[in-house]
Each structure stands twice: as structure tokens, then as C-alpha cells.
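Here is how the chains run, residue by residue.
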Amino acid sequence: MKKSVLLPTDESLILTIREDALDRNADLNSFCQLLSHSNSMNSIALDGRWGSGKTFFVKQCALLINAKNSLSNINKDIAQSILEVAKQSNSFEGLTDNMLLAVYFDAWENDSNEDPVLALIYRIVQQLDLKMSGFDLNHLAHVLGTIADAITDRPISNVISSLKECDFLDVIRKHEDLETTIKAFFEEFLFEKSERLIIFVDELDRCRPSYAVRLLERIEHYFINDRITFVFSVNLEQLQHTIKNFYGNDFDACRYLDRFFDLRISLPQVNMEKYYYSLNLFDNWIVDVLKNIQKNFNLSLRELCKINDVVYEVCLKNSYTGIQDFMFKYIVTLCLVLKITDISLHDDFINGKNDQPLLDLYDNEFGDSICEMLLNNGEELEDLITTNGARLGSDGKVTREEKLEELYEAIFIKNYTSYDYVTKLGEFGFTEDSRKFILDIESLLRF
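Everything in this summary refers to the structure shown in the same document. None of these values were measured; they are calculated from a predicted model.

1. As for the side chain of Asp368
When you line up the elements, Asp368 lands in helix α18 (residues 365-372). A distance of 2.7 Å separates polar atoms of two side chains, one belonging to Asp368 and the other to Arg400.

2. A closer look at the packing of helix α15 (residues 322-341) against helix α16 (residues 343-350)
In contact at an axis separation of 6 Å, α15 and α16 are set at 145° when each is read in the N-to-C sense. Residues Leu334, Cys335, Leu338, Lys339 and Thr341 of α15 lie in contact with α16, whose contacting residues are Ile343, Leu345, His346, Phe349 and Ile350. When grouped by side-chain class, the residues that make up the contact of α15 with α16 number seven nonpolar, two polar and one charged.

3. Some thoughts on the sheet that holds strand β5 (residues 263-266)
Strand order in the open sheet formed by five strands is β2-β3-β4-β1-β5, and the pairing between neighbours is parallel. With partners counted over all chains shown, the strands left at the sheet margins are β2 (100-106) and β5, one partner each. Neighbour to neighbour, the strand axes of the sheet diverge by 20° on average, direction disregarded. For β2 and strand β3 (residues 196-202), the ladder comprises seven bridges, and the chain directions are parallel. Among the inter-strand pairings, Val103 is bridged to a residue of β3, identified as Ile199. Each of β1 (43-47), β2, β3, β4 (228-234) and β5 is contacted by helix α2 (residues 25-36), which is oriented at about 125° to β3, the strand it contacts most.

4. A short note on the side chain of Ser434
Here Ser434 lies in helix α20 (residues 432-442). Residue classification places Ser434 among the buried positions, given a relative accessible area of 3%.

5. So, unusual backbone geometry
Even without a glycine there, the phi angle at Glu203 is positive, about 65°. Here Glu203 shows up in the loop between β3 and α9 (209-222).

6. Topic: helix α3 (residues 54-67)
Compared with an ideal rise of 1.5 Å per residue, which puts 14 residues at 20 Å, α3 spans 20 Å between its outermost C-alpha atoms and is within 8% of the ideal. Burial of α3 is extensive: 13 of the 14 residues sit out of reach of the surface.

7. Some points on the packing of α2 against α3
It is the contact of α2 with α3, at a shortest axis distance of 10 Å, that shows an interaxial angle of 65°. Once α2 is placed against α3, the crossing between them reads as right-handed. Where α2 approaches α3, its residues Asp27, Leu28, Phe31, Cys32 and Leu35 are matched on the opposing element by Phe57, Gln60, Cys61, Leu64 and Ile65. Across the contact of α2 with α3, the residue classes tally to eight nonpolar, one polar and one charged.

Criteria and cut-off values
- Residues numbered from 1 in each chain as written.
- Predicted model: local features only at pLDDT ≥ 70, side-chain atom pairs only at ≥ 80, totals over all residues.
- Heavy atoms only, no water.
- Helix = DSSP H or I, 4+ residues; strand = E, 2+ residues; numbered from the N terminus.
- Polar contact = N/O pair within 3.5 Å; in protein donor to acceptor, adjacent residues only side chain to side chain.
- Axes fitted to C-alpha atoms, helices over the stretch in contact; angles between N-to-C directions.
- Contact = heavy atoms within 4.5 Å.
- Nonpolar A, V, L, I, M, F, W, Y, C, P; charged D, E, K, R; others polar.
- Pairing = 2+ DSSP bridges.
- Buried < 20%, exposed > 50% of the residue type's maximum accessible area, 1.4 Å probe, protein only.
- Expected span 1.5 Å × (residues − 1).
- Left-handed = near helix turned anticlockwise from the far one by under 90°.

Next up, the structure:
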């Protein structure tokens, strides 16, 4: 099965640009345009919740920027593919050739390193492949050695020395102050390739608090340059928690972060209608269920993809009918979502202690269509009407809430006996096996 959750490989990044499955190509273009004209902004926070597609977005930006720079180290075939996609879709036409150069830095992947600056310089050299660009390798080694010594107060690291094709241990490493050295590094080795360097820093909010703080403060101190723009793709709420974990709960983390970010931008929302269409879903009912679940639980894109993949996998292996089909569509999917979003609430729900998730999820017209299948003879569904908090009912009619409560009790609460072995709700008969069926399916081991 092809997963909905795509890894940010070059192939996936190009594919999603070509198909514009998330309707974000216009946003990518606008953001790249902003970076092209951000002379007064050295640091931008791109804010988005976890699982909203930040990594995809910034990696696509980096690919687009480097594809438009003939001096970048991007694979030429990949660059050509991106440029062809851009031409076909009439997107990204405003990007000037060779104006920007991009580097991607995964802060979380590097937070075990001794110092953020050294790790960042390493990634810049590695991604831009400076050893192949015709620069004086010994001079470059000297600069990197000076940086390493100034930061670590020890001989240059094995990681840096492995980058170059010369003996770093023979390089004299006593040089001018670190700020001057770093400035020389950018001026001499990078800015011949572009007018502006864009450094995308990803996953900072997942790092150890000490590393996250140190990275921000080192960048502010050593990397201030009118021709460098840092883009931090973060969940600002989580990053504030990280800062407070370092400085204390009473610390004003929001104002602290204002020191580092010249501009805060929110990652645009995904076009969910277009996204659902791109999934090639196997049945209309799952589209309706997913839409309802996403709206009610405010699922991230990643969470929604996980739910879709699991439901798709189960449906591939089974062909449910009747009551099993009903329970799979409307109860099992809810259980799967609760497992992802709130395991305590999930446990209470399946153990008959809390029916609120069911009532909340289907408290709408979609819920009416479900409840209509549960009506017994003589029953008619009416909307829940309240006046000053009191429910107004009428003879012979039941509310949506009442039918959902009956459904929950029939599956998760009632103790069945040999004399009372079935609960009839409309066209379905629920028994003690109903709960077992749901738990077996949602366990993902017995389907």
C-alpha cells in the first residue's frame, strides 16, 4: 500500500510540487519572493503545529531556491525536474536566477553535537560541497580550524577534518577573533555563489532546552550578516515551553524570542478538499468520516494521514457488511483517532466510562444520517432544541443525543445475558460480541 504520509525525499518533494496536492505552490512562491526581498530581516519564524507539514514546506523552498541557482550543489537532474514543473504550472516565475542559495539544517538531528555553531558550519560546507568549488582547501581548512578551536577550546574535531582532503592537524589554528573568522568564511566562500544565503533551521522546538537556547544565542551573536537570512520552522508554542524549561516557568519566553525573530509567519492551512481528492480514497464514506473527524479533533495533516492509512489497510483485508460495516465506519475510526490524540480518553471510551467523544463527533447533520439508521419502529428523529439550556422534546420523537447514548450503551456498557442477548437499534442488533469486534479491529492485530 502506498502510504499517505510521505517522507520528505527529493522525489516526494518534487511530486507534491508537481501535483500541488496541498494547494501550497502559491504559498511557496510567495515565501521565496519574500526571502528574495528580505534585506531588513535576518531571522524569520515560520510557525506551524507539529505534523502540519513544516519540514516539507521548507525543504521544498530550499529545492526551489537551489534549482534556480546554477552555482548551487543541487543534483542537476533534480534541478531540471523542478524547473520543468515550475514552467508547466507557471509557478515560481518571479524567482531571480542565482540570487539565493539555501542550506537546510536539522537542529534536532544535531543537538548531540558539542556546539551548534560548529555543527552548522559543518552542514553548510557539507551541503554546498565547498571542497569541489575551486577554493583554496588549505585556506578553508584554516578558517574551519580557527572556528572549531575558538568554540571548543580543543584540537579541531574529527568530523570537520573528515570533510577536507588535507591534513587539518598541520594547519595553524591561531587566528583573529571568531566573529571576524566566521564573517570571512561567508564572504570568501559563500557569497560568490549568491547574493543572499538562506539557512533553514528545522525542528528546533524538539531539541534539548540547553541546545535550543544555545543555538539561538550563538546565531544571534556570530551570524549577523545583512546577506544571511535564517528561517526557523518551529511550533512557537512548543518552543516557548522549551525556553521556559531552561530559564524557569516564570520566564517571559515570548518576549525572549522576539530578540531573535524579525518576523513571525504562520504556515498556511492545507486545502483539505484538494488533499482528500489527492488521496484517491476508496469510498465516499471515508471522505465524510475523515472530514468530520478532522474538523472535530483538529487533527494535523500527519495524524490524518495515519488514520487514512490504517483504515485503508483494514478495508483492503476485509469486506464488511451490515452491523460490522456500520461499527467499523463510525466507531472503529473514532477509537483510532482517540488512540492518537488522547489515550486516556480512548481507554475511558472503550471501557464504558465516557460517551462524550461519540456525542461530540456526531453532533451535526452527519450524526443525523447515522442516527436515522438506528431508529426503531415508531421513532422519529428531531433536532436537539434548547431554550435556556433545557431540552424541548415531543411525543414520539427522539433526539440525536438520545440515539447516540443508546448506541454507546448497547456496545460498551450493557451486560448481556442468555435472556437479554441483543439490543435492537433500527436495522442492527448489537450483542456482547459487538464490543469485542471493535476492540479486535482497533487493536490492529485481528483484522
